[in-house]
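# Overview (structure and organization)
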Amino acid sequence: MFILFGEKIHSESCTVGLLPCGVCGQERPFDKIVETSYFCIFGLRLLPIEKLANYSQCNHCNNAFDTDASDAGSFNTKNDLPTHIVPLKRILSYLQVGYGMQTHRDLAQDICLKVCSFEYSDDEFSRDVLLASQGKSDIYDYLKIAASRLNMRGKQEIIEAAFLITHACCEIQYEDRLRINLMGNALGVSLEFVSSIIDHVHAQGCYGVRRILPTKTQTS
Ligand SMILES: [Zn+2]
């Protein structure tokens, strides 16, 4: 007998009504999104394997927020910080430390503001630089865990930030681009998606982000 086993991702979205959105500054309609991978036979879902995503989303600004972990099914009543902002800042500081450019604090702050419209404070930057310098956690593991709370917009902005800080700190070589691809992989997006984001950022003139190349050459 021929039996076809496999794994399938099932995405569920349900409306949860009006909630205050910290980005929009007023009540907006929200959805709850849950993605689960299932063990399948002949394409039929049998057993849930893993919850891949679980977040709420403002339908107006399209930002993802945490559901309230203390009460599954209810929601964070503040929704003040989209879930991708903290990982985006961590990636900026991680890469800037990696290129030895962390003294240019204004660069990460400028990219953060241009990509996600959130401030990256001096204190936050110093704390993240310290974390990155200690090198205690694997950045790809960190992104894999963070991915379950992110929607596509959040993932896109994290990749934009990763590309821009790389572009600002070096003439991009194979290993630099590979690092961005690995970050995209940890976030669960395709290489094509990463490429399309980078093409989009290039088409926008890299948002006018200044470069601090070690060789002082300003060609791109
Ligand atoms: Zn909103």
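Rules and cut-offs
Residues numbered from 1 in each chain as written. Predicted model: local features only at pLDDT ≥ 70, side-chain atom pairs only at ≥ 80, totals over all residues. Domains from an automatic or database assignment. Contact = placed C-beta atoms within 7 Å. Helix = DSSP H or I, 4+ residues; strand = E, 2+ residues; numbered from the N terminus. Nonpolar A, V, L, I, M, F, W, Y, C, P; charged D, E, K, R; others polar. Pairing = 2+ DSSP bridges. Axes fitted to C-alpha atoms, helices over the stretch in contact; angles between N-to-C directions. Parallel < 35°, antiparallel > 145°, perpendicular 65-115°, else oblique. Left-handed = near helix turned anticlockwise from the far one by under 90°. Buried ≥ 20, exposed ≤ 12 C-beta atoms within 10 Å, placed from the backbone.

Glancing now at the domain arrangement of the protein. Here the protein is described as being made up of domain 1 (5–65) and domain 2 (85–208). Once you take the C-alpha centre of each, domain 1 and domain 2 turn out to be 24 Å apart. Listed per partner, the contact involves nine residues of domain 1 and six residues of domain 2. Ranked by residue count, the leading element in the side of domain 1 that touches domain 2 is strand β3 (residues 44–58), at six residues. Within the side of domain 1 that touches domain 2, the residues separate by chemical class into four nonpolar, four polar and one charged.

Let's shift gears to the sheet that holds strand β1 (residues 5–21). With respect to topology, four strands assemble into an open sheet ordered β1-β2-β3-β4, the strand pairing being antiparallel. Strands at the two margins of the open sheet, each flanked by one partner only, are β1 and β4 (64–65). By the bridge criterion, 16 bridges tie β1 to strand β2 (residues 26–41) in an arrangement that is antiparallel. In the sheet register, L18 faces β2, and the bridge partner there is P29.

A few words on the packing of helix α5 (residues 152–169) against helix α7 (residues 191–203). Put simply, α5 and α7 touch, their axes get as near as 10 Å, and they point 60° apart. Relative to α7, the element α5 is oriented oblique. Two packed elements cross with a definite hand, and for α5 against α7 that hand is right-handed. Residues Q156, I159, E160, F163 and L164 of α5 pack against V194, I197, I198 and V201 of α7. A per-class count over the contact of α5 with α7 returns seven nonpolar, one polar and one charged.

Looking now at the pairing of β3. Strand direction decides the pairing type here: β2 and β3, joined by twelve bridges, are antiparallel. Note that in β3 the partner of K32 across the bridge is S56. From the end of β2 to the start of β3, which pair antiparallel, there are two residues, and F42 there has a positive phi angle of about 55°. Summarising the sheet, β3 and β4 pair through two bridges and their orientation is antiparallel. By the bridge assignment, S56 is partnered in β4 with F65.

A few words now on the environment of E157. One can find E157 in helix α5. The buried category is assigned to E157, around which 23 C-beta atoms lie within 10 Å. Linking E157 and K136, residues 21 residues apart in sequence, is a C-alpha distance of 25 Å. Those residues in contact with E157 that sit more than four places away from it in its chain are H84, L88, V115 and C116.

Backbone geometry at S117 places phi at a positive 65°, although glycine is not the residue there. One non-glycine residue, Y207, lies in positive phi territory at about 55°. With respect to the secondary-structure elements, Y207 resides in the segment after α7.

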